[in-house]
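# Architecture and fold: a report
One letter stands for each residue in the lines below.
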Amino acid sequence: MPTLATSSSLLLTRRLLAARTFPTSSAAAAAGYSTTVKMARSALDEVTDTGAFDRSPSTFRSSVSSDASARFPAVPGRYHLYVSYACPWASRCLAFLKLKGLDHAIGVTAVKPIFERTKETDDHLGWIFPATADEEPGAEPDPFNGAKSVRELYEIASTNYAGKPTVPVLWDKQLKTVVNNESSEIIRMLNTEFNDIAGNPGLDLYPVHLRASIDEINELVYDAINNGVYKCGFAKKQGPYDEAVTRLYEALDKCEQILGKQRYICGNQLTEADIRLFVTLIRFDEFLSSTSSKIGEVCTTSLMHVYAVHFKCNKKLLREHPNLFNYTKDIYQIPGISSTVNMEHIRKHYYGSHPSINPYRIIPVGPNIDYNAPNDRERFGS
Ligand SMILES: N[C@@H](CCC(=O)N[C@@H](CS)C(=O)NCC(=O)O)C(=O)O
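Predicted model, so just to flag it, every value in this text is computed and none were measured. (Residues numbered from 1 in each chain as written. Predicted model: local features only at pLDDT ≥ 70, side-chain atom pairs only at ≥ 80, totals over all residues. Heavy atoms only, no water.)

### Structural notes on the site of the ligand
As a matter of local geometry, the ligand sits amid 19 residues, with R55, C87, W127, E182 and S183 nearest to it. At 2.9 Å, a backbone N or O of A43 approaches an oxygen atom of the ligand. In the environment of the ligand, an oxygen atom lies 2.9 Å from a nitrogen or oxygen atom belonging to the backbone of V167. Taken by itself the ligand offers 510 Å² of open surface, and the protein chains cover 94% of this. Tallied by class, the residues present in the shell around the ligand amount to ten nonpolar, five polar and four charged. (Near = heavy atom within 4 Å. Polar contact = N/O pair within 3.5 Å; in protein donor to acceptor, adjacent residues only side chain to side chain. Areas by Shrake-Rupley, 256 points an atom, 1.4 Å probe, with all protein chains shown as cover. Nonpolar A, V, L, I, M, F, W, Y, C, P; charged D, E, K, R; others polar.)

Right, here's the structure in full:
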């Protein structure tokens, strides 16, 4: 059994070997991007010959900095976040925007939830902007580039982009390019680099004294839970599914145990590790609650249980883990967080965008869970 460190370095080596080059646009070159990326067209294509899902690394990895002389200085109004409300990775960025009080400084545009053809000239399916603001509640046309798809944004940033056009995208309106499309890095920038303009600059979700513990939990949670549910759902052979589902439930059991002793996953203080865990947990079982279609607006309710059903993570439901279940409610009830959870988009996306998993796009019914219901987490103090 390889150690965590060994398995991640093996993964890194494999990914570096798989990398190849693509030409960058002048904007991207001016922004100083590396030209080496691994190509892939959609997450459903990222399955190896063994039948296992193998996520490719994000491509754009520059940073916004609090230093005014930096290439990407943290100034209000310059950056925009393109998201899907369905996407857990994008949702963690939305949660940081809310918690840090940055929604006045960084705008958000959400795509439509169901993948569509992004071009008439090929069959790529991906994220699409609606043509008008009333086409799909919560989704809006691209206000800055008039792009039809997220793929078009990547093509503005990099000519002939053939990688996976993912969300979230942290977009620089001034240089018309993607600053960063890796949520784990975007949340760190939101945590520290915008403090001069943040409504809540004192909140540090990656505090120095907890970093070792946060890093350790993140490694477990990313591999076994956040990405683990995708490894279950996208596996094309029984063996990789069995392996992923075993690791997933071992990790959930570990988190369940930890949360029996303390309010949050790294102690009695909310950290980024909680947000990273929450975005997967909230997509696990079905859900019934008021949700928002756009940050701040409340709209309809819906039922779903995406990972338990669609991704075959059904050994045990979230609500059968009392600590994890109450913890999910606790995080959901933090002011601002529920407005980042749009169950209608989540449900439509997963059941509607993966034809090889759910060819008829049937949305299963489920029992109702109200994540606004009381929880028992204050027993660890507030
Ligand atoms: N590592 C990236 C992953 C982003 C990602 O995979 N996003 C998905 C949505 S949940 C996506 O945009 N997929 C597009 C596709 O599969 O074509 C991050 O954390 O930002």
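### Focus on the UniProt feature "active site" (unreviewed entry) in the protein
The UniProt feature table records "active site" (unreviewed entry) at C87 and Y230. Judged by maximum C-alpha separation, these annotated positions cover 144 residues in sequence but sit close together in space, the widest gap being only 11.8 Å. Note on C87: relative accessible area 7%, which makes it buried. Sequence-distant contacts of C87, that is, excluding residues within four places in its chain, are made with V167 and R283. Tracing the chain through its elements places Y230 in helix α7 (residues 228–234). A residue is classified by how much of its surface remains accessible, and Y230, at 8% relative accessible area, is buried. (UniProt positions renumbered as here; feature names shortened; annotations may be inferred. Buried < 20%, exposed > 50% of the residue type's maximum accessible area, 1.4 Å probe, protein only. Contact = heavy atoms within 4.5 Å. Helix = DSSP H or I, 4+ residues; strand = E, 2+ residues; numbered from the N terminus.)

### Let's talk about the sheet that holds strand β4 (residues 107–110)
Ordered by their spatial adjacency, four strands build an open sheet running β4-β3-β7-β8, and the pairing between neighbours is mixed. With partners counted over all chains shown, the strands left at the sheet margins are β4 and β8 (177–180), one partner each. Averaged over all adjacent pairs, the angle separating strand axes in this sheet is 35°, with direction ignored. Judged from the three bridges that link them, strand β7 (residues 169–172) and β8 form a sheet pairing that is antiparallel. Paired with D172 across the two strands is T177, which belongs to β8. Packed onto the sheet, helix α4 (residues 150–157) meets β3 (79–83), β7 and β8 and runs at close to 45° relative to β7. (Pairing = 2+ DSSP bridges. Axes fitted to C-alpha atoms, helices over the stretch in contact; angles between N-to-C directions.)

### Let's talk about the confidence of the model for the protein
Mean pLDDT over the protein: 86, with 83% of residues reaching 70 or higher. In the model, residues 1–40 has pLDDT below 50 throughout and makes 72 contacts with residues more than four positions away in sequence or in other chains. Low pLDDT, under 50, characterises residues 288–304; the predicted model gives this stretch 64 contacts beyond four residues in sequence or across chains. (pLDDT = per-residue confidence, 0-100.)

### A word on the UniProt feature "binding site: glutathione" (unreviewed entry) in the protein
Summarizing the sequence annotation, UniProt attributes the feature "binding site: glutathione" (unreviewed entry) to W127, K164, P165, T166, V167, E182 and S183 in the numbering used throughout. For W127, the position within the fold is in the loop between β6 (125–126) and α4. Discounting residues that sit within four places of it in the chain, W127 has contacts with S84, A86, V111, K112, P113, F115, T118, S149, V150, P165, V167 and H349. One can find T166 in the loop between α4 and β7. Here T166 is in contact with V150, Y154 and N181, once residues within four sequence places are set aside.

### Things to note about the pairing of β3
β3 sits mainly inside the fold: five of its five residues count as buried. The pairing of β3 with β7 spans four bridges and is antiparallel. Each bridged residue has a counterpart across the sheet, and for Y82 the counterpart in β7 is V169. Relative to β4, β3 runs parallel, the two being bridged by four bridges. Its bridge partner being in β4, V83 is matched across the sheet by A110. In this fold, β3 hands off to helix α3 (residues 88–100), which returns the chain to β4; that crossover is right-handed. (Right-handed = clockwise from strand over helix to strand, strands pointing away.)

### So, the packing of aromatic side chains
One pass over the full model with this rule turns up 22 aromatic pairs. Pairing Y82 with W171 gives two aromatic rings, centres 6.3 Å apart and planes at 80°, and the pair type is edge-to-face. Placement of Y82 in strand β3 and of W171 in strand β7 is noted, with a sequence separation of 89 residues between them. Taken together, the ring pairs in this structure connect F53, W89, Y222, Y230, F234, F284, Y307, F311 and Y350 into an aromatic cluster. The cationic tip of R55 hangs over the ring face of Y230; the distance from NZ or CZ to the ring centre is 4.8 Å. Over the ring of Y206 we find R188, and its NZ or CZ is 3.6 Å from the ring centre. (Phe/Tyr/Trp six-rings, centres within 6.5 Å; stacked < 30°, edge-to-face > 60°. Lys NZ or Arg CZ within 6 Å of the ring centre and 35° of its normal.)

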